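Listed below, chain by chain, are the residues.
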Amino acid sequence: MTFNWDLVWSSFGPIIGGAVTGTIPLTLASFAIGLALALLVALLRLSPNRLLSAVARFYVSVIRGTPLLVQLFVIFYGLPSLGVKLEPWPSAIIAFSLNVGGYAAEVIRAAILSVPKGQWEAGHTIGMSRPQTLVRIILPQAARVSVPPLSNTFISLVKDTSLASLILVTELFRNAQQIAAFSQEFMILYLESALVYWVICLVLSTGQSALERRLDRYVAH
Amino acid sequence: MSPTEPSNAPQGNSGLVLSARDLAKAFGSNVVLRGIDIDVRRGQVVALIGPSGSGKTTVLRSLNGLEVPDAGTVTFGDADAGTVRGSGAGLTLDFAGPVGKREIAALRDRSAMVFQHYNLFPHMTVLKNIIEGPLQVQKRPRAEVVEEAERLLARVGLADKRDAYPFELSGGQQQRVGIVRALALKPQLLLFDEPTSALDPELVGEVLGVIKELADEGWTMVIVTHELAFARQVADEVIFMDGGVVVERGPAAEVLREPREERTKQFVKRLQHDV
């Protein structure tokens, strides 16, 4: 068997195309929505209201206690039996956002709790309300603490979006699968897709380091 | 909340910035305040001293709403006490009933706290630390606030640290910024919670020097401190607390030099031995 170099080069196009039009927008949209959701859930979890806190805890428990693939299938294949039919893209974005929301909520909660109580008090003593103190004093400090763990969540998400191929979203891995099925060159196609995922994650890791350095500018080294 | 006149208020309380009555507070089963009264007149410096656990810090924090007493009242200023901030009107909080956010906010409006551990905002430069409250809370014009901040920084000898981050400063410098942050709010009353306790001994002097200057300028202050020599120097009145009650109070020289109560004698003696 000769190595099929033509296929290697010709298949990079659709694979990278799938990353640009599928994997990357899916990751960005899900992460943005998921992060907003996570902040809300973290605040509910920290709320003195026991009911709100319990709701948040239940949500996090369900998300972390069930496989992402099952969550994805419940939304795409399960909901239609309740009369809710969603297209592949919205299904994927909802599933991944909910998933990020659950994991990142715990990260954000821990980060908020890591800011010393004296910072809240200093905010109050200059006249700030709780929400004002949270936004201007606490969250900027919590953000710095949560960059490394949230970067992990983000990088995991990039790879997890490959699961969307199973609900017919056209993204990096689904393109690779289709070419592989057609050409029967499974090794080449799957290694190629692995390589593209890896490169994306390398770029993100570099971005993470840069962000950490930027946010570290006010901390003693 | 209806304004109430403290039952034992001095007649014609003009010049009275703060008057607290019967402050009581327990943390669970641990009773820390058992009915504390404090009066502070305009320009007066009151030093709260006492062993740790005596409740002196809780009293101070209650005056700023960082601690909410279980009972008692805090009354702020009569109309003409307003050295500064717009609302000169009196304010009384009665902690026996429920106290809302708005009342606590009004209380905080009138005083500013300097913390033992400075509690500067680490993600903001020195200047931003100082102008945050005046700008975000008091909504004063930026140019005025920045100019004021720079003037105050120069006064405490930190003009060149305007754009530094707190971690780049020594403890003494950080505390001086903490004091400027409080001053920039133009409060009626300055509260100091053991302002030099976290400092290396050689840095204590620069901070006490600044506080002394403020006292000389006529700022009204309540200071929780272990520095008895300093208290004697700047305080008009010294209040010695122990076990959640005021054991003795009076002019600084009297209380610190010739205490009447046995507990005060022991405390003063012990602390002076330490020094």
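The rules behind each value
Residues numbered from 1 in each chain as written. Chains lettered and ligands numbered in written order. Predicted model: local features only at pLDDT ≥ 70, side-chain atom pairs only at ≥ 80, totals over all residues. Helix = DSSP H or I, 4+ residues; strand = E, 2+ residues; numbered from the N terminus. Buried ≥ 20, exposed ≤ 12 C-beta atoms within 10 Å, placed from the backbone. Contact = placed C-beta atoms within 7 Å. Nonpolar A, V, L, I, M, F, W, Y, C, P; charged D, E, K, R; others polar. Axes fitted to C-alpha atoms, helices over the stretch in contact; angles between N-to-C directions. Left-handed = near helix turned anticlockwise from the far one by under 90°. Expected span 1.5 Å × (residues − 1). Pairing = 2+ DSSP bridges. Core = buried A, V, L, I, M, F, W, Y, C linked by C-beta atoms within 7 Å.

Peer 1: When you look at the overall build of chain A in this model, what are you seeing that I'm missing?
Peer 2: Broken down by element type, chain A carries eight helices and zero strands. Secondary structure elements of chain A, listed N to C terminal, follow the sequence α-α-α-α-α-α-α-α. In terms of principal-axis extent, the alpha carbons of chain A reach across some 75 × 50 × 25 Å. When the 221 residues of chain A are sorted by exposure, 36% land in the buried category. Residue pairs at least 24 apart in sequence account for 76% of intrachain contacts in chain A once pairs closer than 6 positions are excluded.

Peer 1: Can you help me understand the interface of chain B and chain A in this one?
Peer 2: Taken together, the contact between chain B and chain A spans 21 residues of the former and 17 residues of the latter. At the level of secondary structure, the elements contributing two or more residues to the side of chain B that touches chain A comprise helix 2 (101-110), strand 6 (111-114) and helix 3 (126-137) of chain B. Broken down by element, the side of chain B that touches chain A gets its largest block of residues, four residues, from helix 3 of chain B. The residue makeup of the side of chain B that touches chain A, split by class, is 10 nonpolar, seven polar and four charged.

Peer 1: Just to check I follow, could you spell out the packing of helix 2 (residues 50-65) of chain A against helix 4 (residues 88-114) of chain A for this structure?
Peer 2: When two helices pack together, you describe them by how their axes are tilted relative to each other and by the distance separating the axes. Residue and element names in this part refer to chain A. Helix 4 packs onto helix 2 with a crossing angle of 115° between their chain directions and a minimal axis gap of 9 Å. As for the relative orientation of helix 2 and helix 4, their crossing is left-handed in sense. Residues Tyr59, Val60, Ile63 and Arg64 of helix 2 form the contact with helix 4, whose participating residues are Leu98, Asn99, Gly102, Tyr103, Ala105 and Glu106. Taken together, the residues that form the contact of helix 2 with helix 4 break down as six nonpolar, two polar and two charged.

Peer 1: Mind showing me how you'd approach helix 6 (residues 130-160) of chain A here?
Peer 2: All names here are of chain A. The terminal C-alpha atoms of helix 6, which comprises 31 residues, lie only 37 Å apart, well short of the 45 Å expected from a rise of 1.5 Å per residue. Along helix 6, the residues that are buried comprise Ile137, Ile138, Gln141, Ala142, Arg144, Ser146, Leu150, Thr153, Phe154, Leu157, Val158 and Asp160. Next to the buried residues of helix 6 lie helix 1 (5-46), helix 3 (68-78), helix 4, helix 5 (117-125) and helix 8 (186-215).

Peer 1: Even after reading the chapter, I still don't get the sheet that holds strand 4 (residues 71-76) of chain B, so can you show me in this structure?
Peer 2: The strands making up a sheet associate through hydrogen bonds between their backbones, and the pairing can be parallel or antiparallel. Residues and elements named next belong to chain B. Pairing is antiparallel in the open sheet, where four strands are placed in the order 2-1-4-5. Strand pairing shows two members of the sheet lacking a second neighbour, strand 2 (30-41) and strand 5 (91-94), which therefore form its edges. The mean inter-strand angle of the sheet, taken between neighbouring strand axes irrespective of direction, is 10°. In this sheet, strand 5 lies alongside strand 4 in antiparallel orientation, the contact comprising four bridges. Within strand 5, the residue paired with threonine 75 across the bridge is threonine 92.

Peer 1: When you look at the nonpolar core in this model, what are you seeing that I'm missing?
Peer 2: Among soluble globular proteins, nonpolar side chains are generally buried collectively. Counting residues in each nonpolar core, the largest one holds 116 residues, and the members touching the most others are Ala47, Leu48, Leu190, Leu191, Val222, Ala231 and Val238 of chain B. No other element matches the 13 residues that helix 4 of chain A contributes to this core. If we ignore the near neighbours within four places in the chain, the residues touching valine 238 of chain B are Ala47, Ile49, Ala231, Arg249, Gly250, Ala252, Val255 and Leu256 of chain B. Ranked by size, the runner-up nonpolar core spans eight residues in total, among them Ile15, Leu172, Ala176 and Ala180 of chain A.

Peer 1: What exactly am I supposed to notice about the pairing of strand 1 (residues 16-27) of chain B here?
Peer 2: As a general feature of sheets, a regular strand has side chains that alternate between the two faces. Residues and elements named next belong to chain B. Looking at chain direction, strand 1 and strand 2 are connected through nine bridges and run antiparallel. Residue pairing for strand 2: serine 19 is matched across the bridge by aspartate 39. Connecting strand 1 to the antiparallel partner strand 2 that follows it, the hairpin turn spans two residues, and glycine 28 within it adopts a positive phi of roughly 65°.

Peer 1: Help me understand the sheet that holds strand 3 (residues 45-49) of chain B, please; the structure alone is not making it clear to me.
Peer 2: All names here are of chain B. Taken in spatial order, the six strands of this open sheet run 6-7-8-3-9-10, and their pairing is mixed. Each having just a single partner strand, strand 6 and strand 10 (245-251) make up the two edges of the open sheet. Across this sheet, the average inter-strand angle for adjacent strands is 15°, counted without regard to direction. The sheet contact formed by strand 7 (residues 189-193) and strand 8 (residues 221-224) spans four bridges and is parallel. Paired with aspartate 193 across the strands is valine 224, a residue of strand 8. With respect to the sheet, helix 5 (residues 171-183) is in contact with strand 6 and strand 7, its orientation differing from that of strand 6 by roughly 175°.

Peer 1: Quick question: what am I supposed to make of the environment of glycine 13 of chain A here?
Peer 2: All names here are of chain A. With respect to the secondary-structure elements, glycine 13 resides in helix 1. Classification of glycine 13 by C-beta neighbours within 10 Å gives exposed; the count is 10. Each C-alpha atom of the pair glycine 13 and isoleucine 137 lies 47 Å from the other, and the pair is 124 residues apart in sequence.

Peer 1: So what exactly am I meant to see when it comes to unusual backbone geometry here?
Peer 2: Glycine aside, the phi torsion of most residues is negative, and most peptide linkages are trans. One non-glycine residue with positive phi stands out, namely leucine 168 of chain A, at about 70°. For leucine 168 of chain A, the position within the fold is in the loop between helix 6 and helix 7 (172-183). C-beta crowding within 10 Å serves as the criterion here: with 13 such atoms nearby, leucine 168 of chain A is assigned to the partly exposed category. Residues other than glycine seldom take positive phi values, yet glutamate 194 of chain B does so here, at roughly 40°. In this fold, glutamate 194 of chain B is placed in the loop between strand 7 and helix 6 (201-217). Judged by the 21 C-beta atoms lying within 10 Å of it, glutamate 194 of chain B falls in the buried class.

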